[in-house]
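# Structural features, examined
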Amino acid sequence: MSSDSMTYEKLLGSITPEIYQNLRTAVELGKWPDGRKLTPEQREQCLQAVIAWEQKNVPEEQRTGYLEQSCSSSKDASELDTIQPLNLTRH
């Protein structure tokens with residue numbers, strides 16, 4: 001294991017639930033608790049830390065980005081063809 005990997009694991013191990021919540025809020029709001037704006041790099045790094053921490057400490061269905069599987073394996077292709085894509089363009 002490289003020293004970078006050990007440092008990363010040590011850092012993740014030092015994240016408390018309070019720190020995790022602060023990181024998650026910072027990502028959601030785009031700013032630190034003191035009001036300073038996160039840089040794009042800080043936001044990306046915070047999000048990576050949040051996701052990594054959640055993998056070890058949060059049930060899958062409560063993790064950031066979790067999508068519940070709504071299609072059962074019993075549906076056939078004709079049923080799936082009726083699903084319309086979401087249009088995100090503004091009119």
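Quick summary incoming for the structure in this document. What you see is a predicted model, and the numbers here were worked out from it, not measured in a lab.

Empty space among the atoms becomes visible once a probe the size of a water molecule is rolled across them. Its volume calculated, the largest pocket comes out at about 170 Å³. Together, Tyr8, Leu11, Leu12, Ser14, Ile15, Ile19, Leu23, Gln45, Gln48 and Ala49 line the largest pocket. Contributing elements (two or more residues each) for the lining of the largest pocket: α1 (3–13), α2 (17–29) and α3 (40–57). Grouping the amino acids of the lining of the largest pocket by side-chain chemistry returns seven nonpolar, three polar and no charged.

Okay, the packing of aromatic side chains next. Applying the stated criterion across every chain yields a total of one aromatic pair. Taking 4.3 Å as the distance between ring centres and 20° as the angle between the ring planes, the aromatic pair formed by Tyr20 and Trp53 counts as stacked. You can see Tyr20 sitting in helix α2 and its partner Trp53 sitting in helix α3, a full 33 residues away along the chain.

Our next topic: the environment of Thr64. Within the secondary structure, Thr64 sits in the loop between α3 and α4 (77–80). Given a relative accessible area of 34%, Thr64 falls into the partly exposed group. Separated by 10 residues in sequence, Thr64 and Glu54 have C-alpha atoms that sit 7.7 Å apart.

Glancing now at α3. Taking 1.5 Å per residue as the helical rise, α3 with its 18 residues ought to reach 26 Å, and the 26 Å between its terminal C-alpha atoms agrees with that figure. Residues of α3 that are buried: Cys46, Ala49, Val50, Ala52, Trp53 and Glu54.

Quick notes on the rules
- Residues numbered from 1 in each chain as written.
- Predicted model: local features only at pLDDT ≥ 70, side-chain atom pairs only at ≥ 80, totals over all residues.
- Heavy atoms only, no water.
- 1 Å grid on protein atoms, 1.4 Å probe; cavity = no way out; pocket = protein on both sides within 12 Å on 5 of 7 lines; lining within 4 Å.
- Points joined across faces, edges and corners; volume = space filled by probe spheres on them.
- Helix = DSSP H or I, 4+ residues; strand = E, 2+ residues; numbered from the N terminus.
- Nonpolar A, V, L, I, M, F, W, Y, C, P; charged D, E, K, R; others polar.
- Phe/Tyr/Trp six-rings, centres within 6.5 Å; stacked < 30°, edge-to-face > 60°.
- Buried < 20%, exposed > 50% of the residue type's maximum accessible area, 1.4 Å probe, protein only.
- Expected span 1.5 Å × (residues − 1).

From the geometry alone we can't say anything about function, so treat these as descriptive.
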